[in-house]
Amino acid sequence: GAVVSQHPSWVICKSGTSVKIECRSLDFQATTMFWYRQFPKQSLMLMATSNEGSKATYEQGVEKDKFLINHASLTLSTLTVTSAHPEDSSFYICSAKSWELTYNEQFFGPGTRLTVL
Amino acid sequence: AQKITQTQPGMFVQEKEAVTLDCTYDTSDPSYGLFWYKQPSSGEMIFLIYQGSYDQQNATEGRYSLNFQKARKSANLVISASQLGDSAMYFCAQEFNQGAQKLVFGQGTRLTINP
């Protein structure tokens, strides 16, 4: 099956620093990648959609200058949380999809748990 | 706006019994897709089953089946012969905005299988 990896799996940082999270599709080319945020005991909320080589499309209420997304290749997208604050602490999950795959489903990475002190 | 509703915050089921997790959706789009994902405590999202709005038959994948009632806008997940490993959060999701094919998720149902 299609595999998506995320790195790091968890990160703890000080308030005011920036954190980069990588999302990779390991065995397929991802035409589109999605970034979600999940607070404890809540559902996944879509933050942004990114296509390789173009600017990400952010959902309403998501600050694009705070959550920088770069989709540099068909297998890699990065999310950078700039000037992180404690309220940014959350579980960040990426997903990837490709027209080559069955159902056109999204394959999810294992997630990155961010804790901002 | 699309909205997915899962009315059961928690379900407790005896091992080997069947369980139905409810999901209703609200859309005016004629073409859409419905997904169910399982999220164990590790956090990964595991794809279970998919139903397209034009599919004539209910989707099935092993022990998982989807009871799709289009007129009622419901897409309930049925797990047969439940196992202890089925204990997890379950999310229903609808794919909308066909161009970008984004997913909107329901609130989730925490399923606990008792031995």
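See the structure shown above.
All of these numbers come straight from a predicted model, not from anything done at the bench.

Caption draft 1: Here's a closer look at the overall build of chain A. For chain A, the count of helices and strands is zero helices and eleven strands. Listing the helices and strands of chain A from first to last along the sequence gives β-β-β-β-β-β-β-β-β-β-β. For 117 residues, the compact-globule formula gives about 13 Å, and the C-alpha radius of gyration of chain A, at 13 Å, lands near that figure. Dimensions of chain A, computed from the C-alpha atoms along their principal axes, are close to 40 × 25 × 20 Å. Here chain A holds 117 residues, and 51% of them are scored as buried. When contacts within chain A are restricted to residue pairs at least 6 apart in sequence, those whose partners lie at least 24 apart make up 55%. Within the structure as shown, chain A displays about 5,800 Å² of accessible surface, and the carbon and sulfur contribution to it stands at 54%. For chain A, the centre of its 10 positive side-chain charges and the centre of its 10 negative side-chain charges are spaced 6 Å apart.

Caption draft 2: Here's a closer look at the interface of chain B and chain A. Chain B puts 19 residues into the contact, and the matching count from chain A is 19 residues. Interface of chain B and chain A: buried area, both sides summed, is about 1,500 Å²; carbon and sulfur atoms make up 54% of it. Of all residues in chain B, B:Q101, B:K102 and B:F105 bury the most surface against chain A, accounting for 29% of the area lost on that side. With a closest N to O distance of 2.9 Å, B:K102 and A:E59 form a salt bridge. For the side of chain B that touches chain A, the elements supplying multiple residues, two or more each, are β5 (33-39), β6 (46-52), β10 (88-96) and β11 (102-105) of chain B. Looking at side-chain class alone, the side of chain B that touches chain A contains nine nonpolar, six polar and four charged residues.

Caption draft 3: Focus on a nonpolar patch on the surface. A cluster of nonpolar side chains, contributed by A:W10, A:I12 and A:L117, occupies part of the molecular surface with about 390 Å² of accessible area. Tracing the backbone shows A:W10 in strand β2 (residues 10-13).

Caption draft 4: Region of interest: unusual backbone geometry. Cis geometry is adopted by the peptide bond preceding A:P8, which originates at A:H7 and carries an omega value of 0 degrees. Along the chain, A:P8 falls in the loop between β1 (4-7) and β2.

Caption draft 5: Here's a closer look at the state of the cysteines. All told, the structure shown has two disulfides over all chains when counted by the stated rule. Note on cysteine connectivity: A:C23 is disulfide-linked to A:C94, with sulfurs 2.0 Å apart. In this structure the cystine formed by A:C23 and A:C94 twists about its S-S bond by roughly 80 degrees; its chirality is therefore right-handed. Placement of the pair is A:C23 in strand β3 (residues 19-25) and A:C94 in strand β9 (residues 90-97), with a sequence separation of 71 residues. With respect to class, A:C23 is no different from A:C94; both count as buried. Note on cysteine connectivity: B:C23 is disulfide-linked to B:C92, with sulfurs 2.0 Å apart. Taking the sign of the S-S torsion, -60 degrees for the link of B:C23 and B:C92, the bridge is left-handed. One end of the pair, B:C23, is in the loop between β3 (19-21) and β4 (24-26); the other, B:C92, is in strand β10, with 69 residues separating them in the sequence.

The rules behind each value
Residues numbered from 1 in each chain as written. Chains lettered and ligands numbered in written order. Predicted model: local features only at pLDDT ≥ 70, side-chain atom pairs only at ≥ 80, totals over all residues. Heavy atoms only, no water. Helix = DSSP H or I, 4+ residues; strand = E, 2+ residues; numbered from the N terminus. Rg over C-alpha atoms; globule rule 2.2 N^0.38 Å. Buried < 20%, exposed > 50% of the residue type's maximum accessible area, 1.4 Å probe, protein only. Contact = heavy atoms within 4.5 Å. Areas by Shrake-Rupley, 256 points an atom, 1.4 Å probe, with all protein chains shown as cover. Lys, Arg positive; Asp, Glu negative; His and termini not counted. Charge placed at Lys NZ, Arg CZ, Asp CG, Glu CD. Buried area = accessible area lost by both parts, 1.4 Å probe. Salt bridge = Lys/Arg side-chain N within 4 Å of Asp/Glu carboxyl O. Nonpolar A, V, L, I, M, F, W, Y, C, P; charged D, E, K, R; others polar. Patch = residues over 30% accessible without salt bridge, like charges linked within 9 Å, V, L, I, M, F, W, Y side chains within 5 Å. Disulfide = S-S within 2.5 Å.

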